[in-house]
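Listed below, chain by chain, are the residues.
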Amino acid sequence: MHGVWEGAINKVARKQYEPVLEYSAGVGNNVLYLAKKGIKVQYFGVGMVEYAFAQYRVWKYGLEDMVEFKKPFSAQGGYVFDPINSPLPLDSSLGSIIAMDVLEHIPKYHHVVEAMVKSVRVGGIIIENTPFANNKVEDGKEDLRVHVSNGGVTMVEAMGPKMKLAQSMGGLEVWEKISE
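Rules behind the numbers
- Residues numbered from 1 in each chain as written.
- Predicted model: local features only at pLDDT ≥ 70, side-chain atom pairs only at ≥ 80, totals over all residues.
- Heavy atoms only, no water.
- Helix = DSSP H or I, 4+ residues; strand = E, 2+ residues; numbered from the N terminus.
- Buried < 20%, exposed > 50% of the residue type's maximum accessible area, 1.4 Å probe, protein only.
- Contact = heavy atoms within 4.5 Å.
- Areas by Shrake-Rupley, 256 points an atom, 1.4 Å probe, with all protein chains shown as cover.
- Salt bridge = Lys/Arg side-chain N within 4 Å of Asp/Glu carboxyl O.
- Lys, Arg positive; Asp, Glu negative; His and termini not counted.
- Polar contact = N/O pair within 3.5 Å; in protein donor to acceptor, adjacent residues only side chain to side chain.
- Core = buried A, V, L, I, M, F, W, Y, C linked by side-chain atoms within 4.5 Å.

Caption draft 1: Molecular detail of the overall build of the chain. From N to C terminus, the chain includes five helices and nine strands. Ordered by position from the N terminus, the helices and strands of the chain form the series α-β-α-β-α-β-β-α-β-β-β-α-β-β. Counting all 180 residues of the chain, 44% fall into the buried class. Considering only intrachain contacts with a sequence separation of at least 6, the fraction spanning at least 24 residues in the chain is 65%. Summing over all exposed atoms, the chain offers an accessible surface of approximately 9,300 Å²; the carbon and sulfur share of this is 54%.

Here it is, written out as C-alpha cells:
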C-alpha cells in the first residue's frame, strides 16, 4: 500500500467512521485491510471481474460479515451503470467514503460528489485523490490514462458549503462534513 494512502486508510480505521464506503474499490485491498481491523466496509466497484475477485478474497479471509458489496447498477437506474443510486444511500448514514483515483474518470463528477456529501453524516469524512486531466507531461512521458477535466467545477465547489477541507496529505484531500 502506498505510504500516503496507508495514512488515509488508517484515518478511517476507527469505529466513528463506520461504515466506510470504498468507491471504486478495485480488487478490494483497502476493503480487506479495513475489514481485518474490524471496520464495517461497503465495496463499490465497476469491473465485474474485480468485483468477483474481491468477493472471493473476502470469503477466503472469512470477512463476509464485515463487507457489504454494492453492485454498479440498480433497478432505480434501469439496470445500467449507475454511479450514484447503486452505491450511495443519500441518507447521511455513512461514516466515511474513500474515492482514490476515480472521480477524474467521471464526466460531471460533481453530481457524484454531491451525492457523496448527502451520504456522509455530520462529522464523517470523504477522502479523495482526483488528478484531473492536464497538459503536463512528467518524466517526458504523456499520461495516457483516461482523465476528464473538472468541467470548470473545482473540488471545493463540488463539495459545497457542508464540507470543509480538513487535511491535505500528499495529493489526498480529507473533507469533513460540518453541517446537514
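Caption draft 2: Spotlight on the pattern of salt bridges. Taken as a whole and assessed by the stated rule, the structure comprises four salt bridges. For K15, the salt bridge identified is with E18, shortest N-O distance 3.6 Å. Looking at E18, the relative accessible area reads 15%, which means it is buried. A salt bridge links K118 to E114; its shortest N-O distance comes to 3.6 Å. Here K118 and its partner E114 are both found in helix 4 (residues 109-119), four residues apart, which amounts to about one turn of the helix. Here K118 falls in the partly exposed class, since its relative accessible area comes to 41%.

Caption draft 3: Examining the side chain of E22 more closely. Checked against the element boundaries, E22 lands in strand 1 (residues 20-23). Here E22 sits buried without a salt bridge, and the closest side chain of opposite charge, R57, lies 9.3 Å off (N-O distance). At a separation of 3.0 Å, a polar atom in the side chain of E22 contacts the side chain of N30.

Caption draft 4: Examining unusual backbone geometry more closely. With an omega of -20°, the peptide bond between E18 and P19 qualifies as cis. Relative to the elements of secondary structure, P19 occurs in the loop between helix 1 (3-12) and strand 1. With a phi angle near 60°, S92 is a residue other than glycine that sits in the positive phi range. Mapped onto the fold, S92 is located in the loop between strand 3 (67-70) and strand 4 (94-100). With phi around 55°, K108 is a residue other than glycine that occupies positive phi space. Residue K108 is classed as exposed on the basis of its relative accessible area of 61%.

Caption draft 5: Focus on the nonpolar core. Counting 27 residues, the largest nonpolar core has V12, L34, Y43 and V67 as its most contacted members. Mapped onto this core, the elements with two or more residues apiece are helix 1, helix 2 (29-36), strand 2 (41-44), helix 3 (48-60), strand 3, strand 4, strand 5 (120-129) and strand 9 (172-177). Looking at which element gives the most residues to this core, the answer is helix 2, with four residues. With sequence-adjacent residues up to four places away left out, L34 is seen in contact with I9, V12, A13, V20, I39, V41 and I98. Counting 25 residues, the second largest nonpolar core, distinct from the first, contains V113, I126, V153 and M163.

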